[in-house]
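Listed below are the residues making up each chain.
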Amino acid sequence: LQHRLGCKVSGCCMERREGPDYDFNGPLLEDALMTLPEGTSAAIALLFLQEGRHAGPGGDIAGIVADVMGKRPDLTIQTTQVLAGHPALIQLLLRRIEKAVPLRLFP
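Residues numbered from 1 in each chain as written. Predicted model: local features only at pLDDT ≥ 70, side-chain atom pairs only at ≥ 80, totals over all residues. Heavy atoms only, no water.

### Some points on the overall build of the protein
Within the protein, the regular secondary structure consists of four helices and two strands. N-terminal to C-terminal, the α/β element order of the protein is α-α-β-α-β-α. Against the 2.2 N^0.38 benchmark of 13 Å for 107 residues, the protein shows a C-alpha radius of gyration of 17 Å, more extended than a compact globule. In terms of overall dimensions, the protein has a C-alpha envelope of 55 × 35 × 30 Å along the principal axes. For the protein, buried positions account for 20% of its 107 residues. The long-range fraction of contacts in the protein, counting pairs at least 24 apart against all pairs at least 6 apart in sequence, stands at 55%. Approximately 8800 Å² of the protein is accessible, and the part contributed by carbon and sulfur atoms is 57%. Taken together, the 11 basic and 12 acidic charged side chains of the protein have centroids lying 12 Å from each other. (Helix = DSSP H or I, 4+ residues; strand = E, 2+ residues; numbered from the N terminus. Rg over C-alpha atoms; globule rule 2.2 N^0.38 Å. Buried < 20%, exposed > 50% of the residue type's maximum accessible area, 1.4 Å probe, protein only. Contact = heavy atoms within 4.5 Å. Areas by Shrake-Rupley, 256 points an atom, 1.4 Å probe, with all protein chains shown as cover. Lys, Arg positive; Asp, Glu negative; His and termini not counted. Charge placed at Lys NZ, Arg CZ, Asp CG, Glu CD.)

Here it is as structure tokens:
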């Protein structure tokens, strides 16, 4: 993805438990945004199937972004839409189903 976009890409999480057992989750979104160089433009890809508590208007991620923008007005932060409305999602799901282990639940 970094190669195709021509910019740095990193994963992060919006919340996590304390301790080294949870270090695999990566940095917190807020921490990752707060440590960006001055004047950076960032895009947050909402990898959620639908809007809800975490993603979308009024969700946790929107709150984190608003808090960061209050502290770092020099940043430009955009978020993508959730995956549900993307036209390629149905095709992707169909391809994944075709490659799944056969299991007949319905006649």
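The rest of the description comes next.
### Thoughts on the pattern of salt bridges
Summed over the entire model, instances satisfying the criterion amount to three salt bridges. Across the pair K71 and E30 runs a salt bridge, and its minimum N-O distance is 3.1 Å. Of this pair, K71 sits in helix α3 (residues 60–71) while E30 sits in helix α2 (residues 29–34); the two residues are 41 residues apart in sequence, bridging distant segments of the chain. The salt bridge involving D60 is made with R53; its shortest N-O contact spans 3.9 Å. D60 gets classed as partly exposed once you look at its relative accessible area, which sits at 29%. (Salt bridge = Lys/Arg side-chain N within 4 Å of Asp/Glu carboxyl O.)

### What to know about the pairing of strand β2 (residues 76–79)
Remark: a regular strand shows side chains that alternate across the two faces of the sheet. As defined by bridge partners, strand β1 (residues 41–44) adjoins β2 across four bridges and the pair is classed as parallel. Residue pairing in the sheet places I44 in a bridge with T79 of β2. On the question of chirality, the crossover connecting β1 to the parallel β2 by way of α3 is right-handed. (Pairing = 2+ DSSP bridges. Right-handed = clockwise from strand over helix to strand, strands pointing away.)

### Here's the deal with the state of the cysteines
If you walk through the whole model with that rule in mind, you get zero disulfides. You can see C13 has no disulfide; the closest cysteine sulfur is in C12, sitting 6.9 Å from it. Overall, the relative accessible area of 12% leaves C13 in the buried class. (Disulfide = S-S within 2.5 Å.)

### Side note on the nonpolar core
Core analysis: the largest hydrophobic core is formed by 13 residues, its most contacted members being L29, L33, I44, L46, I61, V68 and I77. Elements represented by at least two residues in this core include exactly α2, β1 and α3. When residues of this core are assigned to their parent elements, the largest contribution, four residues, is made by α3. Non-local contacts of I77, meaning those with residues more than four positions away in its chain, are made with L33, A42, I44, V65, V68 and M69. (Core = buried A, V, L, I, M, F, W, Y, C linked by side-chain atoms within 4.5 Å.)

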